[in-house]
Amino acid sequence: MHIVHFAYLDPSYGSVVFQSVIGIVAGVGVFGRKVFSGLGHKVKGIFSRSESSKSEE
Amino acid sequence: METNQAQQHTSSFRDPAGFVFSYDGKIYRQVNRDGADDYDHFMSSGLYQKLVSNGWLIPHKEIKDTKKFGAHKKRYKVIQPEMLSFISYPYEWTFHQLRDAALLTLKVQKLALKHGMILKDSSAYNVQFIGRKPVFIDTLSFWRYTQGDPWEGYKQFCEHFLAPLVLCAYDSPEILPTLRVFLDGIPLDLASRMLPGKARLHPGILSHIYMHASSQKRYDKLDESKKVENKPRKVSPMALNGLMASLENNIKKLKLSKRDTQWGEYYTFTNYSDQSFEYKKKLVKDLLNQVKPKVVWDLGANDGTFSNIAAELGAYTIAFDVDSKAVEQGYNHKDKYDDLVLPLVQDLSNPSPSLGWAHAERHSLEERGPADAVMALALIHHLAITGHSPFSQIAGFFARISRFLIIEFVPKGDSKVDLLLSAFSRNKFEGYTEENFEAAFSKYFKLVDKKPVKGTKRVLYLYKTK
């Protein structure tokens, strides 16, 4: 669907170009942090499971 | 507006989606046909409900009968937002107020994206404070988002919020009143020249300020045909979310450097006993009780100790002070009066003027009054001695901004006054007497009550504007 916007703000072409670039860099950073934090939780989970199974034994 | 009575607000004329107007003492917002689709999606997508339930957006009701406003060919709907007791401007805010307003804007933006909308602008003027709580007020700032759309308000966000905040953090919050001059934010090119070289070492500042400014410069030089050739520029949702996250992280990390100011610890260095101070608080409460004001302006409020007394009586109180550290202290001190006390920076020797297009976009302090009651406690000597303002001028100004005035006269012999006088070896301020004070104020005010502050030489007056 094509949406017609009635803009009143000049977004500055340089700003639009720049956000498309810096946004990707920042987005990759955010994505990377999420992946690492997910991995961290998984690793932590493995250890806490093994500790609980040890206690069960 | 094509009506006799409805008055379009002098700051609301840019957005084709609608405008704010007043009618019969109340504030309304017209949604134009150009903004109908976006407004309907805003309401039906659940975004409005979510924003209001989070306390992030000013609630409104739709007005069914719009005939009373007169005909308007562009009208789609009229809404009535909840009325605010006082409109403040970014050049009256402290660092933390501007920071909270910036973070609120980003939170609103993130929520909007989840509902298929995006902020079409990022003006700091879209945020107001209800007491110490920031709230978004521009209901028509949202439009439909299509994947790939850039955030058109990115530049404005950096200029209205990020650049002044970064300048505060690297230099001083004294930069904020310059927003009076830079009503549309601090240009990034200027900010990058004002910042110290070490700011470049910060990746967030390097990118959002320095590189952003360079990109603007580079593309501004391109002729229009090349810009058109380069269009359309897409920004992926991942990039957009990354941009938001980066701005949020960087703003959250910004901190003010520690510094001392003259008035930041004023109440820890008062020249009267705890007993006298408690007595003065009781007197102020008694005088306020005689007036029962709904809105109080506490001038020279410092950290808002006396503003809290007005708030305790249910008055919406603006705690003005010239010192940003004292105001910051008042803002950061969260308590049960968070909804009732709004601390703001205001230099009474140079109060906020009318600014913007046709001198009418941003109102002067005086135009935002009169307040039901103005408190001027331990202030007169600063205005009359340090500021060299004659009593007659002070009385005239106070009469224009108040219906009732609670004012403290601090005479010669009081150590605070003597300290100020000691700075002037030739001028003895012979006219600075209680008699002259009373004579000047009696021209503009009727005396209602007069009470000496026990244990001091000071006197409290309750005046009613003539």
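To start, this report covers the structure provided alongside it.

What counts and how
- For every chain, the first residue of the written sequence is number 1, and numbering continues from 1 onward in sequence order.
- The naming scheme follows written order: chains are lettered A onward, ligands numbered 1 onward.
- Under the rules for a predicted model, residues below a pLDDT of 70 receive no local features and side-chain atom pairs below 80 are neither given nor counted, while totals for whole chains, interfaces and linings still include all residues.
- Hydrogen atoms and water are omitted, and side-chain values are computed over all heavy atoms in the structure.
- Numbered from the N terminus, helices here are DSSP runs of H or I no shorter than four residues, and strands are runs of E no shorter than two.
- Here's how the labels work: a residue is buried when its accessible area is under 20% of the maximum for its type, exposed when over 50%, partly exposed in between, all with a 1.4 Å probe on protein chains only.
- Areas reported here follow the Shrake-Rupley algorithm with a probe of radius 1.4 Å; residue values treat only the protein chains shown as occluding.
- Here, any two strands with at least 2 DSSP bridges between them count as paired.
- As a rule, the C-alpha atoms of each element are fitted with a line to give its axis, helices using only the stretch in contact, and angles between N-to-C directions run from 0 to 180 degrees.
- Crossing handedness is defined as follows: a turn of the near helix away from the far one that is anticlockwise and smaller than a right angle gives a left-handed crossing, while the clockwise case is right-handed.
- We call two residues in contact when some of their heavy atoms are within 4.5 Å.
- Three categories are distinguished: nonpolar for Ala, Val, Leu, Ile, Met, Phe, Trp, Tyr, Cys and Pro, charged for Asp, Glu, Lys and Arg, and polar for the others, with Gly belonging to the last.
- For salt bridges, the criterion is a side-chain nitrogen of Lys or Arg within 4 Å of an Asp or Glu carboxyl oxygen.
- Here a polar contact means two N or O atoms within 3.5 Å. Within protein one must be a hydrogen donor candidate and the other an acceptor candidate, and residues neighboring in sequence count only if both atoms are side-chain atoms.

As a further point, take the overall build of chain A. Assigned secondary structure in chain A consists of one helix and zero strands. Out of the 57 residues in chain A, the part that is buried amounts to 28%. Surface accessibility of chain A: about 4100 Å² in total, with carbon and sulfur atoms responsible for 67%.

This part is about the pairing of strand β2 (residues 18-23) of chain B. All names here are of chain B. Counting buried positions along β2 gives five out of six residues, so the element sits mostly inside the fold. In terms of strand pairing, strand β1 (residues 7-8) meets β2 through two bridges, oriented antiparallel. Considered in β2, the bridge of glutamine 8 is made with phenylalanine 21. Between β2 and strand β3 (residues 26-32), which pair antiparallel one after the other, the connecting turn spans two residues, and aspartate 24 there sits at a positive phi close to 55°.

Bringing the packing of helix α3 (residues 95-114) of chain B against helix α4 (residues 154-170) of chain B into the picture now. Residue and element names in this part refer to chain B. Put simply, α3 and α4 touch, their axes get as near as 10 Å, and they point 145° apart. For the crossing formed where α3 meets α4, the hand is left-handed. Together, Phe95, Leu98, Arg99, Ala101, Ala102, Thr105 and Leu106 of α3 and Phe157, His160, Phe161, Pro164, Leu165 and Cys168 of α4 make up the contact between the two elements. Looking at the contact of α3 with α4 residue by residue, the classes come out as 10 nonpolar, two polar and one charged.

Counting residues at the interface gives 27 residues for chain A and 39 residues for chain B. For the pair chain A and chain B, the interface holds zero salt bridges. At the boundary of chain A and chain B, one finds four residue pairs in polar contact (both at pLDDT 80 or more).

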